[in-house]
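# Chain and residue survey
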Amino acid sequence: MNRCKGKIALVTGAGRGIGAGIAKEFAEQGAFVFVSDLDESTAKSTAAEIISSGGAALGFGLDVTSGDDWARVTDLVAKEKGRLDILVNNAGIETIATIADITYEQWRRTQDINVDGVFRGIKSCLDLLKVSGADTPSGASIINLSSIAGLVGVTDQVAYNTSKGAVRIMTKAMAIEFAAHGYNIRVNSIHPGVIGTAMMDEVYETWQKNNTVGTQNMDEVKEIVVNMHPLKRIGSPKDIAMGAVYLGSDESGFVTGAELVIDGGWVAQ
Ligand code: NAP
């Protein structure tokens, strides 16, 4: 408890899945959370859950690909709190298609949300994060959701793989730039393995349909995926949220440009 006490956080794509898990854990640890999602109703539901558990949150719609949306949201954060301590660029989509099959529109949409969305988030929130950086010894914290797919290749995921690799190196570029300019804003990436969310349900269905892992029996597909992780289970949003709490809290004041891999050992093999 209280590991993020007094901090002001903004989480994108927090209507469900990993983003919702991070938003709830931040609130549990004492932060005020701006909860955003493409779907305003799910963002408001996550915020309502936080408030009913005794936490503090505000839910609203934010399409991370829209410059107008980001301007509206940063105005709101400036008006309400005047600073931002933690920005979590979590919103993302998966795209499963081979290089032969993927359309240019699918490729662009994946980069637009997964890469440009992170770029827009950092650029839009910079002034608010600088206020926090100037005011706190451990600095402001940006946490970008990459993936194990930002570290190693995965079959039939050229667009997603490329986007998550870009998020990994954008994180390091920003970490170095902000340190060099003395902003006291730390920037780190999280690299989840398979986490049980709606995104993964869609992946399972596609792998089943395409016979990607050598079977079209759904129970077997899921068992094969579990066995890809040395710890022999998939992860939960809470597994990722606890990593985000560390990176968002003062405990990680000397950590910037790092990749926090939370994957049950997948990429250690
Ligand atoms: P999810 O269950 O699909 O949730 C993603 C959320 O992002 C949804 O609420 C979605 O809103 C929202 N979103 C989509 N496009 C958006 C946009 N343009 N602007 C704002 N919000 C948008 O996915 P997840 O599994 O929680 O994944 C969260 C992050 O972790 C992603 O970046 C993903 O790539 C990464 N990740 C996930 C896994 C995994 O196994 N699950 C593994 C590695 C990395 P709608 O519901 O309205 O579409």
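Residues numbered from 1 in each chain as written. Predicted model: local features only at pLDDT ≥ 70, side-chain atom pairs only at ≥ 80, totals over all residues. Heavy atoms only, no water.

Note the following rule: UniProt positions are given in the numbering used here, feature names are shortened, and annotations may be inferred rather than shown by experiment.
As recorded in an unreviewed UniProt entry, the chain goes by Glucose 1-dehydrogenase and comes from Kordiimonas pumila. In its Sequence similarities (unreviewed entry) section, the UniProt entry covering the chain states "Belongs to the short-chain dehydrogenases/reductases (SDR) family."

## Considering the overall build of the chain
Note the threshold: The helix count covers DSSP runs of H or I at least four residues long, the strand count covers runs of E at least two residues long, and both are numbered beginning at the N terminus. Note that the radius of gyration is over C-alpha atoms, with the globule rule given as 2.2 Å times the number of residues to the power 0.38. Working definition: with a 1.4 Å probe on protein chains only, accessible area under 20% of the residue-type maximum means buried, over 50% means exposed, and in between means partly exposed. Here the Shrake-Rupley method, with its probe set to 1.4 Å, supplies the accessible areas, and only the displayed protein chains count as covering residues. Within this scheme the basic residues Lys and Arg register as positive and the acidic residues Asp and Glu register as negative, but His and the chain ends are omitted. To locate a charge, take atom NZ for lysine, CZ for arginine, CG for aspartate or CD for glutamate.
From N to C terminus, the chain includes eight helices and seven strands. A compact globule built from 269 residues should have a C-alpha radius of gyration of about 18 Å, and the chain, at 18 Å, falls within 12% of that. Taking all 269 residues of the chain together, 51% fall into the buried category. Summed over its atoms, the accessible surface of the chain is roughly 11,800 Å², and 53% of this surface lies on carbon and sulfur atoms. Across the chain, the mean location of the 24 positive side-chain charges is 5 Å away from that of the 32 negative side-chain charges.

## Details of the site of the ligand
Rules: Put simply, a residue is near a molecule or strand once any heavy atom of it comes within 4 Å of that molecule or strand. Grid spacing is 1 Å over the protein atoms alone, the probe is 1.4 Å, and a cavity is where that probe fits but cannot get out, while a pocket is an open set with protein on both sides within 12 Å along at least five of seven lines and lining residues have an atom within 4 Å of a point. More than half of a molecule's atoms within 2 Å of the grid points is what it takes for that molecule to sit in a cavity or pocket. Classification convention: Asp, Glu, Lys, Arg as charged; Ala, Val, Leu, Ile, Met, Phe, Trp, Tyr, Cys, Pro as nonpolar; all other residues, Gly among them, as polar.
The environment of the ligand is formed by 27 residues, the closest being R16, D37, N90, Y160 and T197. Isolated, the ligand exposes 890 Å² of accessible area, and the fraction of that covered by the protein chains is 92%. Judged by its atoms lying within 2 Å of the grid points, the ligand is housed in the largest pocket. Among the secondary structure elements, those contributing two or more residues to the shell around the ligand are α1 (17-28), α5 (158-180) and α6 (198-210). Element by element, the count of residues in the shell around the ligand is highest for α6, at three residues. Taken together, the residues that form the shell around the ligand break down as 14 nonpolar, eight polar and five charged.

## Focus on the pattern of salt bridges
Definition in use: Each salt bridge in this description consists of a side-chain nitrogen of Lys or Arg and a carboxyl oxygen of Asp or Glu lying within 4 Å of one another.
Here the structure, examined in full by the defined rule, presents twelve salt bridges. Counted as one network, the salt bridges with shared partners bring together R83, D85 and D135.

## A short note on the packing of helix α3 (residues 67-80) against helix α4 (residues 104-135)
We count it as follows: Each axis is a line fitted through C-alpha atoms, taken for helices only over the stretch in contact, and angles between the N-to-C directions span 0 to 180 degrees. When describing relative orientation, an angle under 35 degrees is termed roughly parallel and one over 145 degrees roughly antiparallel, while 65 to 115 degrees is termed roughly perpendicular and anything else oblique. In this scheme the crossing of two helices becomes right-handed for a clockwise turn of the near helix relative to the far one and left-handed for an anticlockwise turn of less than a right angle. In this description, contact between two residues means that some pair of their heavy atoms is separated by no more than 4.5 Å.
Where α3 contacts α4, the two axes come as close as 10 Å, and the packing angle between them is 30 degrees. Classified by the angle their axes make, α3 and α4 are roughly parallel. For α3 against α4, the interelement crossing comes out right-handed. In this structure, α3 uses G67, W70, T74, V77 and A78 to contact α4, whose residues at the interface are G117, R120, G121, S124, C125 and L128.

## So, the confidence of the model for the chain
Here is the rule we go by: As a per-residue measure, pLDDT tells how confident the predictor is, with possible values from 0 to 100.
Model confidence for the chain is summarised by a mean pLDDT of 98, while 100% of its residues fall at 70 or above. Here α6 is the element of the chain with the lowest mean pLDDT, 95, and strand β4 (residues 86-89) is the one with the highest, 99.

## Some points on α6
How we decide: A helix is expected to span 1.5 Å for every residue after the first. Arc definition: directions from the helix axis to the C-beta atoms.
The first and last C-alpha atoms of α6 sit 19 Å apart over 13 residues, in line with the 18 Å expected at 1.5 Å per residue. Of all the positions in α6, only M200, V203, Y204, T206 and W207 are classed as buried. Here the buried residues of α6 occupy an arc of 165 degrees about the axis, which is enough to place them on one side. The first or second residue beyond α6 is N211, which carries a positive phi of 60 degrees.

## Things to note about the environment of V255
Structurally, V255 can be placed in the loop between α8 (237-248) and β7 (259-262). On a C-alpha basis, the gap between V255 and V187 in space is 8.2 Å, while along the polypeptide they are 68 residues apart. Beyond its immediate chain neighbours, meaning those up to four positions away, V255 contacts R186, N188, Y246 and L247.

## Focus on the sheet that holds strand β6 (residues 185-192)
We apply this condition: By this definition, two strands are paired if DSSP reports at least two bridges between them.
If you trace the seven strands from one edge of the open sheet to the other, you get β3-β2-β1-β4-β5-β6-β7, paired in parallel fashion. Looking at which strands have only one partner, the edges of the open sheet turn out to be β3 (56-61) and β7. Neighbour-to-neighbour, the strand axes of the sheet open up by a mean angle of 15 degrees, direction not taken into account. The strands touched by helix α2 (residues 40-52) within the sheet are β2 (32-37) and β3, with β3 carrying the most contacts at an inclination of about 175 degrees. In this fold α3 packs onto β1 (8-11), β2, β3 and β4, with an angle of close to 155 degrees to the strand it touches most, β3.

## Looking at the packing of α1 against α2
As a packed pair, α1 and α2 sit with axes 10 Å apart at the nearest point and diverge in direction by 25 degrees. Considering their axes alone, α1 and α2 lie roughly parallel with respect to each other. Taken as a pair, α1 and α2 cross one another with a handedness that is right-handed. Judged by residue contacts, A20, A23, K24 and A27 of α1 engage T46, E49 and I50 from α2. Taken together, the residues that form the contact of α1 with α2 break down as four nonpolar, one polar and two charged.

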